[in-house]
4 protein chains.
Amino acid sequence: MKNTAVLLLSVPMCLARKGVVAAISQFLVAHRGSVLHSDDHLDCGRDLFLSRLEWDLDGFDIPISDFEHHFRPLADRFLINYHLALTDYRPRMAILVSGYDHCLADLLYRQNTGELACDIAIVISNHPAARPLAEFYQVPFHLLTRPQDKRESEREMLELFGQDVDLIVLARYMQILGPEFVAQYLLRMINIHHSFLPAFVGAKPYHRAFERGVKLIGATSHYVTAALDEGPIIEQDVARVSHRDTVEEMLRKGRDLEKVVLSRAVRWHLENRILVCQNKTVVFV
Amino acid sequence: MKNTAVLLLSVPMCLARKGVVAAISQFLVAHRGSVLHSDDHLDCGRDLFLSRLEWDLDGFDIPISDFEHHFRPLADRFLINYHLALTDYRPRMAILVSGYDHCLADLLYRQNTGELACDIAIVISNHPAARPLAEFYQVPFHLLTRPQDKRESEREMLELFGQDVDLIVLARYMQILGPEFVAQYLLRMINIHHSFLPAFVGAKPYHRAFERGVKLIGATSHYVTAALDEGPIIEQDVARVSHRDTVEEMLRKGRDLEKVVLSRAVRWHLENRILVCQNKTVVFV
Amino acid sequence: MKNTAVLLLSVPMCLARKGVVAAISQFLVAHRGSVLHSDDHLDCGRDLFLSRLEWDLDGFDIPISDFEHHFRPLADRFLINYHLALTDYRPRMAILVSGYDHCLADLLYRQNTGELACDIAIVISNHPAARPLAEFYQVPFHLLTRPQDKRESEREMLELFGQDVDLIVLARYMQILGPEFVAQYLLRMINIHHSFLPAFVGAKPYHRAFERGVKLIGATSHYVTAALDEGPIIEQDVARVSHRDTVEEMLRKGRDLEKVVLSRAVRWHLENRILVCQNKTVVFV
Amino acid sequence: MKNTAVLLLSVPMCLARKGVVAAISQFLVAHRGSVLHSDDHLDCGRDLFLSRLEWDLDGFDIPISDFEHHFRPLADRFLINYHLALTDYRPRMAILVSGYDHCLADLLYRQNTGELACDIAIVISNHPAARPLAEFYQVPFHLLTRPQDKRESEREMLELFGQDVDLIVLARYMQILGPEFVAQYLLRMINIHHSFLPAFVGAKPYHRAFERGVKLIGATSHYVTAALDEGPIIEQDVARVSHRDTVEEMLRKGRDLEKVVLSRAVRWHLENRILVCQNKTVVFV
């Protein structure tokens, strides 16, 4: 079990140039924090310096609960916008699913074998079909009381989550969530869309891909925003198809894509590797 | 040098089921035509049987110029829609190019080394830059007289082509061609579009891909139809990008994609491997 | 549920040229068998014509149990070596697994959702860990009695299989099977090897890939033969790695490869798409 | 034209932990050097901290020719092993080629269009075929006087290079170079091998890939060392093949791989993105 801290930060370029890296490195060295990974990105278009730093907490001489207090002067001096995460904290994840359960099965398996460093707080569905799978992995399952009432369902979910959920994963959840719900979990809710966005936004992308005669199909994981399928893209991948592939075969190939593309996004989020800059992601891998 | 014939055909499914394969095979056997490759596809959605047959002309006991005469009764009986091509015929290709010459350089090299079985009749451009490259490969080069006059340029090109051009390749030709021009070379004109269609139809796709923050960029080769970037797709491929890639780096990665995706489409067309069914291609590879 | 028959066949080229396609097509037409898919391959190096034919049994006027009787004269005339399979027969599959259960979990899920058209007769392991997963999917699980005794274990397995198992899948089974065992299931036993064969034959391929500093890792599914990791390759795929990937991360990326590469091979085998020609596969997809 | 400096460095981990990043950052800030890119890697297996730093020389207040003098105390304190490169220096590249000229044509085109920031000092071949291509791009071409005498040819080349060549590219040069020659250009000579190493070391890899029945073919670019095809791998890529692909078609698909895989390695080397650590590369991209 790693005992490390991760700092995700952004700094206005003009200030970054005045030595923010030197200052932060100096700060960590002074407190005996040994850097394990660091990765930077200068986003020239937006005049921001972005960085992810991971350091060893063994030997770090500030109690991590006091980090804010010690780091504040530096943050103020360089206008550092930052997020601190501790590797030994296990985020709590909720999974929403509808009829197709391949992404759910995949996430449950990965979590169970330790590939995803989180706890699964709850699986929620508008179908009872996913219950046995959740129970096999000893994860609480909740069937929405009135799934056809979207507003009521959202209220029900928010109540279930309370303050207890760090990340929501839409694992082929086929309902569009309302703006208030989305706003509460902004950049904390990941969806898998079964197309290579921005191609085939919306419903039935494989059918439309078949109609258009594309030679590759894709899947896209992204943070959910108020605009449908337009949130910051985290990951995409594609698979080759040909005239021999029916819609059913595209659905089958697509399932393998969706599982991999969604699980990568979830893992990167859990490992605090993603910074969002306007509507784009910087993924430090 | 191969001495073979290729038959591309489509047959209504209801008639195909009554034994069109048996009948054609029988016909070839009867005339001592040894089949080298055959590939079929049942397009259930459109109720068509599609096929590509290649057979050896050595020993075939019908003079190929009389093929039509001998095959006609069979074609009439099964309502076979067919196209016969001879492998020893070298199609004549015209290449249209604007400022970017990477696809042109690639096609000239491939033709020169025998990878593309065709003659290059002419290279036409609205820029003089491509002339030395064409001349190095001893291919006629024509600079459009009044490139800013689209209608006049199209007339000029049609005159240059006469009856002498079998295939037009738009190797990053940045002018939209008018419907009359397109109609004359329907399914005989291939374009490379520098995006993963149907994403980013139209101008500046790499810039828009950068803005959207996609994680893969693509290229698409397709037959040109009257509707911009909506013709039957022949081939597509993608390359991975990340937040580190500027638009310039996307352009660079894209060039490698465009060359490969265009040259595959051109080769398949020249080898008579493509059947178009409504707005989709069947590529027999 | 499809009611079709598949014929996989090979014919000496010299005889094939005398009209085997015409003769077989004629035979099927005569008996009202409507061909749904046909795919051919001329393997010039080995002078064989290989083919896969699938036709509709609705309306086929020979009882399929009499097929042999009616087809025999044709087979004799052209020296056709053939295998007939009925789509409505569900092959029975045994899965052997050791400590890593990701391929097992994947196969069970795919079978359960109908992606693999087979019954899973039994899961056998030298570890008890896989039992709950097998039981969840209601598949018989057998723990080898004396796993450290290889000869005894093989005898135990053969007894369990009886005449009842059509296909054995080694889903990361970490024991090398003896030649007698292999001989009994020749071309009916599929292994997943966690490297891009022929690179890294044998043990600990990811560690050796890491040591060598390769930039892609791979997985290979193949039929098991007496020579370790040298059987006919069915499918391969790769994933990109970099200096950032530790052996553990290669193992993680490799698991996704292994699942996909093994399940494709199993599906193709179950769908009667594979012909083996000397030590190579022809996969009709 | 960029006016930047790149520092590639390695530091023993135990010293790196004592604040090497802070010290170097501080050094650059003190001299008004604004960092544009930085990328780190902790190679735990070898206890080394590796880094690539690029900073703006506009405003940097040390004349770059005095860098060594100013940086030395820091380097001594942390035992920093470093290489400084200036972006405005154009390395001089020699290309060696035999009968196949596709990689040569590709490199010449890329250099000509500015994709490779170098000058091509000379093209050397044991065949005259490449001369026109070199001349078209106005690059000196030298035909080896006695190509069958390997020792003499190596002496001839070394004389031609003098002190004037920074990088040698073996663009499908089919002679094995002797250890003395290799030693002189260690980590400054890049080869393209037409297989997915370590599979198919040595001659005729596509033929052997065909014989083995692999489903993917590959290409590998690597630094040349005394052991054949065993130098540090810089880049690899693969393309899908099937039973339909003859050796000739593998050769064709392979050419596209080789061009891309070699040109990436050359570009990364020219951009000072590669550090070699024992027999593995760290590629900062």
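Residues numbered from 1 in each chain as written. Chains lettered and ligands numbered in written order. Predicted model: local features only at pLDDT ≥ 70, side-chain atom pairs only at ≥ 80, totals over all residues. Heavy atoms only, no water.

This part is about the interface of chain A and chain B. Buried accessible area, meaning the area lost when the parts come together, often serves as the stated size of an interface. On the chain B side, the residues contacting the 34 residues of chain A number 34 residues. Of the roughly 2,800 Å² buried at the junction of chain A and chain B (both faces included), carbon and sulfur atoms supply 52%. Together, Arg 212, Lys 215 and His 243 of chain A form the three largest contributors to the area buried by chain A at its contact with chain B, with a combined 25%. Linking chain A with chain B are 6 salt bridges. For the salt bridge of Asp 39 of chain A with Arg 244 of chain B, the shortest nitrogen-to-oxygen distance reads 2.6 Å. The tally of links from chain A across to chain B stands at 22 residue pairs in polar contact (both at pLDDT 80 or more). Those elements that provide at least two residues to the side of chain A that touches chain B are strand S2 (34-43), helix H8 (205-212), strand S11 (233-240) and strand S13 (280-283) of chain A. In terms of residues, the side of chain A that touches chain B owes the most to one element, S11 of chain A, which gives 7 residues. (Contact = heavy atoms within 4.5 Å. Buried area = accessible area lost by both parts, 1.4 Å probe. Salt bridge = Lys/Arg side-chain N within 4 Å of Asp/Glu carboxyl O. Polar contact = N/O pair within 3.5 Å; in protein donor to acceptor, adjacent residues only side chain to side chain. Helix = DSSP H or I, 4+ residues; strand = E, 2+ residues; numbered from the N terminus.)

Both copies of the chain are related through a single rotation about an axis accompanied by a shift along the same axis. Expressed as a screw transformation, the operator carrying chain A onto chain C has a rotation angle of 180° and an axial translation of 0.0 Å, and the superposed copies differ by an RMSD of 0.0 Å. With respect to symmetry, the two chain copies, as superposed, fit the operation of a two-fold axis. Every residue of chain A has its C-alpha some distance from the rotation axis, and the shortest such distance is that of Phe 136 of chain A, at 3.6 Å. A share of 100% of interface residues in chain A that are also interface residues in chain C marks the association as one of identical surfaces. (Least-squares fit on C-alpha atoms with pLDDT ≥ 70 in both.)

Among the nonpolar cores identified, the biggest contains 187 residues, and Val 266 of chain A, Val 266 of chain B, Val 266 of chain C together with Val 266 of chain D are the most heavily contacted of them. Ignoring sequence-local partners within four residues, the contact set of Val 266 of chain C consists of Met 93, Leu 107, Leu 116, Leu 167, Val 169 and Ile 190 of chain C. (Core = buried A, V, L, I, M, F, W, Y, C linked by side-chain atoms within 4.5 Å. Buried < 20%, exposed > 50% of the residue type's maximum accessible area, 1.4 Å probe, protein only.)

Turning next to the packing of helix H8 (residues 205-212) of chain D against helix H9 (residues 247-270) of chain D. Residues and elements named next belong to chain D. Orientation of H8 relative to H9, taken along the N-to-C sense of each, is 125°, at an axis distance of 10 Å. On the basis of the axis angle, H8 is oblique to H9. Considering the relative orientation of H8 and H9, their crossing is right-handed. Residues Tyr 206, His 207, Ala 209 and Phe 210 of H8 pack against Val 247, Met 250, Leu 251, Gly 254, Arg 255 and Glu 258 of H9. A class-by-class count of the residues in the contact of H8 with H9 yields 6 nonpolar, 2 polar and 2 charged. (Axes fitted to C-alpha atoms, helices over the stretch in contact; angles between N-to-C directions. Parallel < 35°, antiparallel > 145°, perpendicular 65-115°, else oblique. Left-handed = near helix turned anticlockwise from the far one by under 90°. Nonpolar A, V, L, I, M, F, W, Y, C, P; charged D, E, K, R; others polar.)

On to the domain arrangement of chain A, then. Residues and elements named next belong to chain A. Per the domain assignment, the segments making up chain A are domain 1 (4-86) and domain 2 (92-283). Taking the mean C-alpha position of each, domain 1 and domain 2 sit 32 Å from one another. Facing the 12 residues of domain 1 at the interface are 9 residues of domain 2. Taken as a group, Leu 8, Arg 46 and Arg 52 account for 58% of the area that domain 1 buries against domain 2, more than any other trio of residues on that side. Taken together, the links from domain 1 to domain 2 amount to 0 salt bridges. (Domains from an automatic or database assignment.)

The subject of this paragraph is the environment of Thr 4 of chain A. All names here are of chain A. Mapped onto the elements, Thr 4 comes out in strand S1 (residues 4-12). Residue classification places Thr 4 among the buried residues on the basis of a relative accessible area of 4%. In sequence terms Thr 4 and Phe 196 are 192 residues apart; their C-alpha atoms lie 35 Å from each other. Ignoring anything within four residues of it in the chain, the contact list for Thr 4 reads Leu 36, Glu 54, Trp 55, Asp 56, Leu 57, Ala 85, Leu 86 and Thr 87. Side-chain polar atoms of Thr 4 contact the side chain of Glu 54, separated by 2.9 Å. A polar atom in the side chain of Thr 4 sits 2.3 Å from the side chain of Thr 87.

Quick look at the sheet that holds strand S5 (residues 92-97) of chain D now. Through backbone hydrogen bonds, the strands of a sheet pair up, either in parallel or in antiparallel fashion. All names here are of chain D. Read across the open sheet, the 7 strands follow the order S7-S6-S5-S8-S9-S10-S11; overall the sheet is mixed. At either margin of the open sheet sits one strand with a lone partner, and together these are strand S7 (141-143) and strand S11 (233-240). Between one strand axis and the next, the sheet turns through 15° on average, direction left out of account. Here strand S10 (residues 216-223) runs beside S11; their pairing, made up of 7 bridges, is antiparallel. Counterpart to Ile 217 in the pairing with S11 is Ala 239. This element, H9, spans S5, strand S8 (167-170), strand S9 (189-193), S10 and S11 of the sheet and lies at about 30° to S10. (Pairing = 2+ DSSP bridges.)

Turning our eyes to something else, we now look at the pattern of salt bridges. All names here are of chain D. Tallied over the full model, the rule gives 96 salt bridges over all chains. The closest approach of N and O atoms between Asp 76 and Arg 72, which form a salt bridge, is 3.1 Å. Taken together, the positions of Asp 76 and Arg 72, both in helix H3 (residues 67-78) and 4 residues apart, correspond to about one turn of that helix. Residue Arg 72 is classed as partly exposed on the basis of its relative accessible area of 32%.

Turning our attention to unusual backbone geometry. The residue after Leu 197 of chain A, namely Pro 198 of chain A, is reached through a cis peptide bond having omega 10°. Take Pro 198 of chain A: it is sitting in the loop between strand S9 (189-193) and H8. The residue Arg 32 of chain B is not glycine, and still its phi comes out positive at about 65°. Among the structural elements, Arg 32 of chain B can be located in the loop between helix H2 (20-30) and strand S2 (34-43). Residue classification places Arg 32 of chain B among the exposed positions, given a relative accessible area of 61%. Phi is positive for Gln 278 of chain C, which is not a glycine, with a value near 50°. Residue Gln 278 of chain C is classed as exposed on the basis of its relative accessible area, which comes to 62%.

Turning to the packing of aromatic side chains, a few remarks are in order. One pass over the structure, following the stated rule, counts 48 aromatic pairs over all chains. Here Phe 67 of chain C and Phe 71 of chain C contribute two aromatic rings whose centre-to-centre distance is 4.9 Å and whose plane-to-plane angle is 20°, an arrangement assigned as stacked. Of the two residues, Phe 67 of chain C and Phe 71 of chain C both sit in helix H3 (residues 67-78), 4 residues apart, roughly one turn of that helix. For the pair formed by Phe 67 of chain C and Phe 71 of chain C, the shared burial category is buried. Centre to centre, the rings of Phe 181 of chain C and Tyr 185 of chain C are 6.1 Å apart; their planes meet at 35°, and the pair counts as tilted. Its end group placed over the ring of Phe 210 of chain A, Lys 280 of chain B keeps NZ or CZ at 3.4 Å from the ring centre. (Phe/Tyr/Trp six-rings, centres within 6.5 Å; stacked < 30°, edge-to-face > 60°. Lys NZ or Arg CZ within 6 Å of the ring centre and 35° of its normal.)

This part takes up the relation of the copies chain A and chain B. Least-squares fitting of chain A to chain B yields an RMSD of 0.0 Å, with the superposition described by an axial translation of 0.0 Å and a rotation of 180°. Of the interface residues in chain A, 100% have counterparts in chain B that sit at the interface too, so the contact is made through matching surfaces.

Right, let's get into the sheet that holds strand S8 (residues 167-170) of chain A. Residue and element names in this part refer to chain A. Taking strand neighbours across the sheet as the criterion, the 7 strands line up as S7-S6-S5-S8-S9-S10-S11 in an open arrangement whose pairing is mixed. Here the strands that pair on one side only, and so sit at the sheet edges, are strand S7 (141-143) and S11. When the angles between neighbouring strand axes are averaged without regard to direction, this sheet yields 15°.

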